[in-house]
Every structure is written in structure tokens, then in C-alpha cells.
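Listed below, chain by chain, are the residues.
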Amino acid sequence: MSEKLLAVSTSPHVFTREDSRKIMWNTVLSLIPPVLGAIYFFGLRALWVILVSVISAVLAEAIWLYARKMPLSMAIDGSQVITGILLALTLPPTIPLWMASLGAIFGIIFGKQVFGGIGQNIFNPALIGRAFLMAAFPVELTTWVAPTPGFHLTVDATTTATPLALMKFSHQMTPYSKLFWGNVAGSLGETSVFLILLGFVFLVIKKYIDWRESFSYVATVFVLGGIFWLINPSKYPDPLFHILSGGLMLGAVYMITDMVTSPVTPKGRIIYGIGAGILVVLIRLFGGFPEGVMYSILLINMTRPWIDRLTIRRRFGEVRK
Amino acid sequence: MKKRSLFYEFKKGLVAENPVLIMLLGLCSTLAVSNKAINSLSMALAVFFVLFFSSLIIGLIKNIIPDQVRIPSFILVIATFVTLADLFMKAKFPAISKALGPYIPLIVVNCIILGRQEAFVSKNSLAASLMDAIGMSLGYLWVIVLLGMVRELLGFGTIFGVRVLGSWFKPWLVMVLPPGSFITLGIFVGVLNWLRSKGGKA
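Not measured: the values here are computed from a predicted model. (Residues numbered from 1 in each chain as written. Chains lettered and ligands numbered in written order. Predicted model: local features only at pLDDT ≥ 70, side-chain atom pairs only at ≥ 80, totals over all residues. Heavy atoms only, no water.)

## Quick look at the confidence of the model for chain B
1) Next: Here chain B averages 87 in pLDDT, and 97% of its residues register 70 or above.
2) Next: Model confidence for the complex is summarised by a pTM of 0.85, with the ipTM given as 0.79. (pLDDT = per-residue confidence, 0-100.)

The structure is reproduced here in C-alpha cells:
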């Protein structure tokens, strides 16, 4: 009788069925709104780009795992599916399919597997893939088309510029409502702030991402962009435009929050977001590119070990130096 | 120290003690000029010339150089041959000389050359030094030429200026740029380490 009152066992005492595989597949679920948005705005071709990217990522991972004699089941643990989808969502709608495939393969091999596979990567693999494509095929990666809402099978694409490029190079403003709902030119999944926020709510409720990182990232862009706007409103875009346009929301929700590449402490995550936010504003306003989200996240990825070391909490009894 | 055969001194530079892939020396020029195979080959031949003749001269005079000033003396000898190579290429192959830019004069401070003088020539016989110089040069040559071929193939679709990939091929601009150099050399080093860990030999 007394045995049942007090069961003595070793830790862990709290169990959950949630493992990395489940987390990854749930994150894939959270990507459904932006994926549907991409197909809605850019036609069926968006779906092909996403499928090609995902399949390439899974195959690259499977071949690598096979060569290293590791369990092949790791090739469908969901993480490479996320990489594939995220990469596709950052690509322009007109990208040749083989380029999407090449980017996914490069991202998986050189962004993830050379560091040791899942959980070991320093950089976000999807962004590594995109950075490679950006350096290899700059023209294809910066050709944008106007959206054609309504799940069209085929689209007559008209080439146009993204809101950020319009702002930077010809000082044209895009209405906020278009930016919020996503009816603008841009990468497949970055246009609709609304759909990305749906995914954000799901991820935060599930506690898969830390809202502090996303919030400090976006808030920094808002504040710093706002400061420049107040200094010279005729030259710099206003802060609301900053946070609604480009890939900022996609990066803030799905990329900077990547569990593997984020600092572990809450304080560190806030610093991480602030650092990336500063980089975005600097690149957007003073750099050669209209958009700086990709490089801001890749650069801030490198600082993670130092941020972790600086913000690690003191243990009890440790003497302050 | 065990006496090694002259053939060993020649062979070790090719793979086992390869200056680029194992010792990771001379990376600046390796990364910078290997965007085309022909540039790589020219660079490697210049290095070959400088390394061989520097080793010869320094091997001959090493006993009369005071120890305290040996590095400046080595540099002086090396600089002489670098100047010879530089002027020769400027006169005979102006286009390639232009493509290689400052990297021919910079052979003076190339770690491979000075490193071999300091670490090998100053301690070994003249014959061994010459074999070492040939082996190291060839080790440098095959790596940088292969690197140049891979980068040229993917960056231009050609090898030594001959079109290999048809017009369907879309050149990867990145391979001509510095990142392509780092990526390709990284793959080389990784593959060689993997082969060595697997075979245990080489």
C-alpha cells in the first residue's frame, strides 16, 4: 500500500509524447497558410516550386544519410521538409525548377549535413540554400512578377518590382492593406503578413518558437526604421512599411526562431533579435540590396555562441567575477 | 632522425604532406587566382620556378648565412626569383600576368616557399631539398589546377577555355566569385580527410 503512495524513481518525472519529429511535423503544419497563400497569389507554379524544393531536400538528406550509414528514417523527420518549404517560400515565383532543387540540395548538404546533421547546424539551412542561389544566379533570384490572386492554373506573369525595391529605387509607396494581405510582388511566401501571423499564433501556442525573438527582431526594425523616418521622412520609408514589406515577417516567424540556431536564454534571444533587426535596417537603407532579412539572419546566426556565453545564467553559489 | 629516401621526399608533397590540402598553406593565392584553369596553371608554374630555384640557391649557401639573419636572407633570394618570374610573365604573357594581378609578386610572402626553406632546406641536404621542392610544387600544382578546372567548369562551362558544357548550361556566377573558391576548396579538404580516415594510408 505504501509503495503506491510514494513511487520512487529516477528523473525525468514528466513525460511528453512530443519529440523533435513531432515538433518538426507540427511546424510543417504551421507553414500551410503561407503555402496556400503562395499558390493563391502566384498560381499552381508556386506549388511545383515548393514540391521540387521539398523533394530535393528529402532526397539529398536521404542520400547523405545512406552514405554515412545512418538510419534513413531521419530523412523524413520533418526538419528537411521545413527547410525545403522555407527555401521555396523565399524564392521568386518564376524561378526555374532546377534552381529550386539545387538550392535545396546545397542548403541541406552545406547548411546542415556538413556540420553533423539535425541539431548541429550553425546557419539556417534554407537561407544557406537561398544565399547560394543568390550568389550563383543573381538575375533569376531578383526577377519578380505581379501577383494574380485566385488559385490560377497558369498565370500570365508581368514582371514588376517588389515594394521594397520600388521604395528604394523609385520612391513609390505601396498601400498597407496590400502589404498586409499579400497582394504584392515578392517571394512566394513572404508577401502575406496575415497568413504568416496565422502560423505565428499556432507556433507560439504550441511553444515551438519564442515570441521574444520574433518580437525583438520586428520591434527593432520598427524603432530603428522609425528613427530614420523621423530624421528624414522624404528619404526613408516609415516604420510600418518596414515591418509589413519584404521578408521580415517570414524571417521573424520561421527563420530567426529556428530552435537549433537560437540562443538558449530568454535574454540572449532578445539580444539576438535586436542584432538582426539592426542589420535589416542598415542593409535596407544603406546597403546595395533592397532587402536584408536573409543576410541579417545568416550573420546573426554566427553570433549565437557568444550571445549564449554572455547571457548564461549564474548558478547558485557561483561567485560573481 | 631516420634517413628517408629521396623518392619519399618527392612523394610526400603530393598527398601526405600536401601544402594546400594538408598543411593549408598558400591559401591566399590558391583561393584568389583559381577562377580559371589557365590562371591556376600559370600560378602553379611560377610557384614551381620560384620554389625550385630558391631551394637550390639557399641549399647551396645555407652554411654561410648567419642564423640571426636567415629569414631576411631567404626572403631576398626568393624575391629575386619572384621578380624574374614576374618580369618574364609580363613580357611574354601579358594577358595572364594581368589576370593574376598582384598574386605573382605576392609569391614572395607565400608560406609554402618560405616555409619549405625554413622547415626543410635549412636542415636537409641539397638533393633532398630539390626533391622536396619538386614534390611540394607538384602538390600545389595539382590542387590549384583541379580547383581551377572545377570552378571554370561550373562558373563558365569551359575547361582551359574549351567549351565543355553546351549552351543549355547556365553558369553559376558564385563559382567565379570568392565564395565558390572557399566552397570548392572546403570540399577538396573534406574529401581528402574522409579518404585518409577511411583508408588509413595515403
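## Let's talk about the packing of aromatic side chains
1) Next: Overall, the coordinates contain 23 aromatic pairs over all chains when judged by the stated rule.
2) Next: Look at Phe106 of chain A and Phe132 of chain A: their rings are 3.8 Å apart centre to centre, the planes differ by 10°, and that puts the pair in the stacked class. Linking Phe106 of chain A in helix H6 (residues 97-111) with Phe132 of chain A in helix H7 (residues 125-136), this pair joins segments that are 26 residues apart in sequence.
3) Next: Here Phe132 of chain A falls in the buried class, since its relative accessible area comes to 5%.
4) Next: An aromatic cluster of at least three residues, connected via ring pairs, comprises Trp98, Phe106, Phe110, Phe132 and Phe137 of chain A together with Trp172 of chain B. (Phe/Tyr/Trp six-rings, centres within 6.5 Å; stacked < 30°, edge-to-face > 60°. Helix = DSSP H or I, 4+ residues; strand = E, 2+ residues; numbered from the N terminus. Buried < 20%, exposed > 50% of the residue type's maximum accessible area, 1.4 Å probe, protein only.)

## Details of the nonpolar core
1) Next: Judged by nonpolar contacts, the single largest core of 87 residues is most densely connected at Ile50, Ile85, Leu89 and Tyr217 of chain A together with Trp172 of chain B.
2) Next: For this core, the leading source of residues is H7 of chain A, giving 8 residues.
3) Next: Among residues more than four places away in sequence, those in contact with Tyr217 of chain A are Leu248, Gly251, Ala252, Ile256, Gly273, Ala276, Gly277, Val280, Val293, Ser296 and Ile297 of chain A.
4) Next: Judged by nonpolar contacts, the second largest core, of 39 residues, contains Ala44, Ile58, Ile96 and Leu192 of chain B. (Core = buried A, V, L, I, M, F, W, Y, C linked by side-chain atoms within 4.5 Å. Contact = heavy atoms within 4.5 Å.)

## Remarks on the environment of Gly59 of chain B
Residue and element names in this part refer to chain B.
1) Next: Structurally, Gly59 can be placed in helix H3 (residues 37-61).
2) Next: Sequence spacing of Gly59 and Gln117 is 58 residues, and the spatial spacing of their C-alpha atoms is 8.4 Å.
3) Next: Contact partners of Gly59, with chain neighbours within four places excluded, come to Ser54, Val121 and Leu126.

## A few points about the side chain of Lys12 of chain B
All names here are of chain B.
1) Next: Within the secondary structure, Lys12 is located in the loop between helix H1 (6-11) and helix H2 (27-33).
2) Next: There is a polar contact of 2.9 Å between the side chain of Lys12 and the side chain of Glu9.
3) Next: Residues within four places of Lys12 in sequence aside, it is in contact with Glu17, Asn18, Arg116, Phe120, Asp132 and Met136. (Polar contact = N/O pair within 3.5 Å; in protein donor to acceptor, adjacent residues only side chain to side chain.)

## Things to note about the interface of chain A and chain B
1) Next: Each partner contributes residues to the interface: chain A has 11 residues there, and chain B has 8 residues.
2) Next: Where chain A packs against chain B, one counts 1 salt bridge.
3) Next: Put simply, Glu140 of chain A and Lys170 of chain B hold a salt bridge, and the shortest N to O gap is 3.2 Å.
4) Next: Sorting the residues of the side of chain A that touches chain B by element identifies H6 and H7 of chain A as the ones contributing at least two each.
5) Next: Tallied by class, residues from the side of chain A that touches chain B come to 10 nonpolar, no polar and 1 charged. (Salt bridge = Lys/Arg side-chain N within 4 Å of Asp/Glu carboxyl O. Nonpolar A, V, L, I, M, F, W, Y, C, P; charged D, E, K, R; others polar.)

## Looking at the pattern of salt bridges
1) Next: Counted according to the given criterion, the structure contains 10 salt bridges over all chains.
2) Next: Residue Arg284 of chain A is joined to Glu291 of chain A by a salt bridge in which the shortest nitrogen-to-oxygen separation is 2.7 Å.
3) Next: Residue classification places Arg284 of chain A among the buried positions, given a relative accessible area of 4%.
4) Next: Exposure remark for Glu291 of chain A: the relative accessible area of 23% places this residue in the partly exposed category.
5) Next: Each of the salt bridges in this network shares a partner with another, and the network as a whole consists of Glu9, Lys12, Arg116 and Asp132 of chain B.

## Remarks on the confidence of the model for chain A
1) Next: Overall, the prediction assigns chain A a mean pLDDT of 87, with 96% of residues at 70 or greater.
2) Next: For chain A, helix H1 (residues 2-5) of chain A is the element with the lowest average pLDDT, namely 60, and H6 of chain A is the one with the highest, namely 93.

## What to know about unusual backbone geometry
Residue and element names in this part refer to chain A.
1) Next: Located in the positive-phi region is Lys69, a residue other than glycine, with phi close to 55°.
2) Next: Positive phi, close to 60°, is recorded for Lys207, a residue that is not glycine.
3) Next: Counting through the fold element by element, Lys207 comes out in the loop between helix H10 (193-205) and helix H11 (211-231).

## As for the side chain of Thr90 of chain A
Residue and element names in this part refer to chain A.
1) Next: For Thr90, the position within the fold is in the loop between helix H5 (79-89) and H6.
2) Next: Owing to a relative accessible area of 7%, Thr90 belongs among the buried residues under this scheme.
3) Next: Every residue in contact with Thr90, bar those within four places of it in the chain, is listed here: Arg130, Ser187, Leu250 and Met255.

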